[in-house]
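Letter by letter, the chains look like this.
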Amino acid sequence: MPMIPSNLIHNASLHLQHASFNPSPPSSIFFRLSSLLHQFSNTLFHVKSIHAQIITNSVYNENSLVAELVRAYSVLGFFGIARKVFDQCPHPETFLCNAMMAGYLRNQQCKESGKLGDARAVFDGMPETDVVCWNSMIGGYVQQHCFSEAVRMFLEMINCGVRPSRVTMASLLKVCGENGLRKFGTCLHGCVLVFGLGKDVFVLTSLVDMYSKVGDTNSAALVFNSMCRRTLVSWNAMISGYVQNGMVHESFALFRRLIQSGAGFDSGTLVSLIQGCSLTSNLGSGKSIHAYIVRKGLESNLVLSTAIVDMYCKCGVTKQATTVFRRMDTRNVITWTALLVGLSQNGYAEDALKLFCQMQEENVAANSVTLVSLVHCCAHLGSLKKGRSIHAHLIRHGYTLDAVNISALIDMYAKCGKLYSAKKLFDNGFHFKDIILCNSMIMGYGMHGYGHQALGIFGRMIEEGVKPNQTTFVLLLTACSHSGLVEEGKALFHSMERDHGIKPSDKHYACLVDLLSRAGHLGEADTLVRQMPFEPSSDVLEALLSGCRTHKNINMGIQIADRLLSLNDLNSGIYVMLSNMYAEARRWDAASHIRGLMRTRGLKKTPGYSLIEVGNELHTFFAGDDSHPKWEDIHQLLENLRIEVEGCGYVPDTSCVLRDVDERMKVKLLWRHSERLAIAFGLLSTPYGSLIRITKNLRVCVDCHNVTKYISRIVKRQIIVRDANRFHHFVNGQCSCNDYW
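Residues numbered from 1 in each chain as written. Predicted model: local features only at pLDDT ≥ 70, side-chain atom pairs only at ≥ 80, totals over all residues. Heavy atoms only, no water.

Taking an unreviewed UniProt entry as the reference, the protein is identified by name as DYW domain-containing protein belonging to Stylosanthes scabra. According to the UniProt record, the Sequence similarities (unreviewed entry) comment for the protein is "Belongs to the PPR family. PCMP-H subfamily." (UniProt positions renumbered as here; feature names shortened; annotations may be inferred.)

Scanning the protein from terminus to terminus reveals 39 helices and six strands. Dimensions of the protein along its principal axes, counting C-alpha atoms only, are 110 × 60 × 55 Å. Out of the 741 residues belonging to the protein, those deemed buried represent 50%. Expressed as a percentage of contacts within the protein between residues at least 6 apart in sequence, the contacts between residues at least 24 apart total 64%. Separation of charge centres in the protein, based on 74 positive and 62 negative side chains, amounts to 2 Å. (Helix = DSSP H or I, 4+ residues; strand = E, 2+ residues; numbered from the N terminus. Buried < 20%, exposed > 50% of the residue type's maximum accessible area, 1.4 Å probe, protein only. Contact = heavy atoms within 4.5 Å. Lys, Arg positive; Asp, Glu negative; His and termini not counted. Charge placed at Lys NZ, Arg CZ, Asp CG, Glu CD.)

All chains considered together, the criterion is met by 13 aromatic pairs. Considering the side-chain rings of F621 and F681, the 5.6 Å spacing of their centres and the 50 degrees angle between planes classify their relative orientation as tilted. Separated by 60 residues along the polypeptide, F621 in strand 2 (residues 617–622) and F681 in helix 38 (residues 674–685) bring together distant segments of the chain. F681 matches F621 in its accessibility class, with the two residues each being buried. Members of the aromatic cluster, joined through ring pairs, are F255, F265 and Y292. For R230, the ring lying beneath its charged end belongs to F224, and the centroid distance is 4.5 Å. Sitting over the face of the ring of W671, R676 holds its NZ or CZ atom 4.7 Å from the ring centroid. (Phe/Tyr/Trp six-rings, centres within 6.5 Å; stacked < 30°, edge-to-face > 60°. Lys NZ or Arg CZ within 6 Å of the ring centre and 35° of its normal.)

For helix 39 (residues 702–714), which comprises 13 residues, the first-to-last C-alpha distance of 19 Å matches the rise-based estimate of 18 Å (1.5 Å per residue) to within 8%. Within helix 39, burial applies to D703, C704, H705, V707, T708, K709, Y710, I711 and S712. Contact partners of the buried residues in helix 39: helix 36 (631–647), helix 37 (663–670), helix 38, strand 4 (719–722), strand 5 (727–731) and strand 6 (734–735). Directly after helix 39, the chain includes K716, whose backbone phi takes a positive value near 55 degrees. (Expected span 1.5 Å × (residues − 1).)

Let us look at unusual backbone geometry. One non-glycine residue, K552, lies in the positive phi region at around 55 degrees. With respect to the secondary-structure elements, K552 resides in the loop between helix 32 (538–550) and helix 33 (554–567).

For the rest of this paragraph, the subject is the pattern of salt bridges. Applying the stated rule across the entire model yields 24 salt bridges. A salt bridge links K423 to D427; its shortest N-O distance comes to 3.0 Å. Taken together, the positions of K423 and D427, both in helix 25 (residues 419–429) and four residues apart, correspond to about one turn of that helix. The closest approach of N and O atoms between E464 and K433, which form a salt bridge, is 3.4 Å. Taken as a pair, E464 in the loop between helix 27 (451–463) and helix 28 (470–483) and K433 in the loop between helix 25 and helix 26 (435–447) lie far apart in primary sequence, 31 residues in all. Classification of K433 by relative accessible area gives partly exposed; the value is 43%. Taken together, the shared-partner salt bridges connect R120, D124 and E156 into one network. (Salt bridge = Lys/Arg side-chain N within 4 Å of Asp/Glu carboxyl O.)

Relative to the helices and strands, M247 resides in the loop between helix 14 (232–244) and helix 15 (248–260). Note on M247: relative accessible area 23%, which makes it partly exposed. In the structure, M247 is positioned 33 residues away from T280 in sequence and 9.8 Å away in space, judged by C-alpha atoms. In this structure, M247 is in contact with T217 and Y242, ignoring residues within four places of it in sequence.

Time to look at the UniProt feature "repeat: PPR" (unreviewed entry) in the protein. Those places that UniProt annotates as "repeat: PPR" (unreviewed entry) correspond, in this numbering, to residues 130–164, 231–265, 332–366, 434–468 and 469–504. In residues 332–366, the share of helix is 74% and the share of strand is 0%. The end C-alpha atoms are 10 Å apart. End C-alpha atoms of residues 469–504 are separated by 11 Å, and the span's content is 81% helix alongside 0% strand.

For the rest of this paragraph, the subject is the environment of P127. Within the secondary structure, P127 is located in the loop between helix 7 (115–124) and helix 8 (131–143). P127 sits 30 residues away from C97 along the chain, and the two C-alpha atoms are 9.3 Å apart.

Once that is clear, we can look at helix 31 (residues 522–530). For helix 31, the set of buried residues is L522, A525, D526, L528 and V529. Buried positions in helix 31, seen along its axis, are confined to an arc of 160 degrees and lie on one side of it. On its buried side, helix 31 packs onto helix 30 (506–518), helix 32 and helix 33. (Arc of directions from axis to C-beta.)

Let us now look at the pairing of strand 3 (residues 692–696). For strand 3, a buried count of four out of five residues is recorded, marking the element as mostly surrounded by other parts of the structure. Two strands pair when backbone bridges link them, and strand 1 (residues 609–614) and strand 3 are joined in this way by two bridges, in the antiparallel orientation. Paired with L611 across the strands is T695, a residue of strand 3. Summarising the sheet, strand 3 and strand 4 pair through four bridges and their orientation is parallel. Across the sheet, the residue bridging to I692 is I719, located in strand 4. Between the parallel pair strand 3 and strand 4, the chain is carried across by helix 39, and the sense of this crossover is right-handed. (Pairing = 2+ DSSP bridges. Right-handed = clockwise from strand over helix to strand, strands pointing away.)

The next subject is the UniProt feature "domain: DYW" (unreviewed entry) in the protein. In this numbering, the UniProt entry assigns the feature "domain: DYW" (unreviewed entry) to residues 649–741. Between the C-alpha atoms that bound residues 649–741 the distance is 23 Å, and the span itself is 35% helix and 17% strand.

Here we have six strands laid out as an open sheet, ordered 2-1-3-4-5-6, and mixed in their pairing. Unpaired on one side and paired on the other, strand 2 and strand 6 mark the two borders of the sheet. Where strand 5 meets strand 6, two bridges bridge the pair, whose relative direction is antiparallel. Bridged to V731 within strand 6 is Q734.

Glancing now at the packing of helix 24 (residues 403–415) against helix 25. To describe two helices that pack against each other, one gives the angle between their axes and the distance between the axes. Contact geometry of helix 24 with helix 25 gives a least axis separation of 7 Å together with a crossing angle of 160 degrees. One element, helix 24, and the other, helix 25, form an angle in the roughly antiparallel class. Of the two possible hands of crossing, helix 24 and helix 25 adopt the one that is left-handed. On helix 25, the residues that touch I406, L409, I410, Y413 and A414 of helix 24 are L419, S421, A422, L425, F426 and G429. A class-by-class count of the residues in the contact of helix 24 with helix 25 yields nine nonpolar, two polar and no charged. (Axes fitted to C-alpha atoms, helices over the stretch in contact; angles between N-to-C directions. Parallel < 35°, antiparallel > 145°, perpendicular 65-115°, else oblique. Left-handed = near helix turned anticlockwise from the far one by under 90°. Nonpolar A, V, L, I, M, F, W, Y, C, P; charged D, E, K, R; others polar.)

Okay, structure coming up:
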């Protein structure tokens, strides 16, 4: 359960501080000391000096003065002294008890061991209790996450004839919203009406907020529209509620109503609208709001600027996000995290890691969201050293390794080729019985081609009562596809709805089509596509097209490509695949025509590159790359390796070169593929016998796969290559995929 929000603590404290104080008979000393406490309560030295004067002048029995003293010590954070002052008063009156309870609430001491019991003892010992006392106790239980106790206290309060106040209702409604307790929230709505608070703007706004947070925007809108009077907080609650529930169009419509009403708006309104733009990737509206912020000179508002950074990232405009970030005079961890996550999610993992280094240089402490995002960056890049470093950072700084953190680490280790480390983390975290955790391990096994082990994790899940979700079956079918487990995959697909109540989606059909196509069952895959209960998506058709290319069924491939282009004629991947199919069939005119269509439509092929981590630095190689400082040594080593592998029986497969050039040039182009450059650099830059890890963004070609097997045997090294599909572990002339990928 969450703590009571700070604004609620503040409101409750104000109520307690000003609750029914009964001053003693007029006294010049009393009034002088009381006045001094009000004027000089901001330092401990002054408060202690006034405390001494109270004792010296024998006015310690004045409950109202003691209450002021308790309040002063509590505000300064010296709660222990405040409690001693309270305990020295033999007959504390209600207002003094209120001050003591306010101290508990203000300092949130109820969280500490035994303090909640102490607070209850003060409450039970009070000669009389008012609504402020009850609110204090309810607030204490909420802070301690004892919601059932808070509810019981609320019911006891009603039974004792104490009428709940607006603070009581707002406090409980806040908890309902944050914990999704819709039914109890509806009951509280009834109480609001029964106790005559149905026209209180503060309470009604709390109802709008509660209903929005539990996903009931209809009820939230009904309450909002029934309000006779609305504050800006009310408007913001409803606008924010629409955004939280994905109803961005409605949030902007309500904003227009707000403008038409003649009322103003504030940064809270703008933040909600910016978040709406982020959710819908509405760059146009986001830019308009940003322009308004600049015109009004609001760029110094930290929350607004952070929201703008996040919006640009969500819209894929990381350059603009970085510009806004750099212009900010003040940045907090949320700002840094927004840009870091944005860079990571938009494919700029290296830039995200560099930003983290800058973040550390400026002594900004990362939070768990930052670190999990960095773990995903390392996973994307295959950067094991940096991933291990962040794992150590999590442990060193005392972060709880919960299911989310462990899942991210499992993913990172699996994508860096360290399945043993991933499995160890999984076994240590399985007690969470978390589906995301299990899915991460299934994916790890799947990408390494260990389909049987992935199925083993699934069996363990079912035995332990962990319910699979749609993602689980996507990962399982993918694992079966990479391992050639056709019958197992088909059985899983048919068990989804029958045994687990999960209806197959287009993603599941795409996985099954990929499984069948990869195994050469193109006819069965085509029949499955035709018999689907809904129109096949581009993912389904692309899986079938890929199978057609692998098994050189050009006629079927052309038909599938035509269907794909009718769905999306701006997908460069379809053009590339179709062009490659024509090139492999040596139909150069047709291949050239497809490439021409790409140029006409402004489409570009994704360039292939390979990454290798040496020391603490990532090195990137593109095909034909001669920009690396060691390029001469790299090409000389590759020439030596070419001579050696050809001597061992290697014959170049020039069908992988999809250009209309002579055979000699095709062989030369093959030896300039990015993965070969990365392997050569790794051999030059790492100790003899050490493992080499390569990450490639595209599928490794047949010839590179073949030559890497030869190289692993000649240099006596294990070479791990992670391509767009899966992992390849090359050892002594063999690959873990058994040439099935």
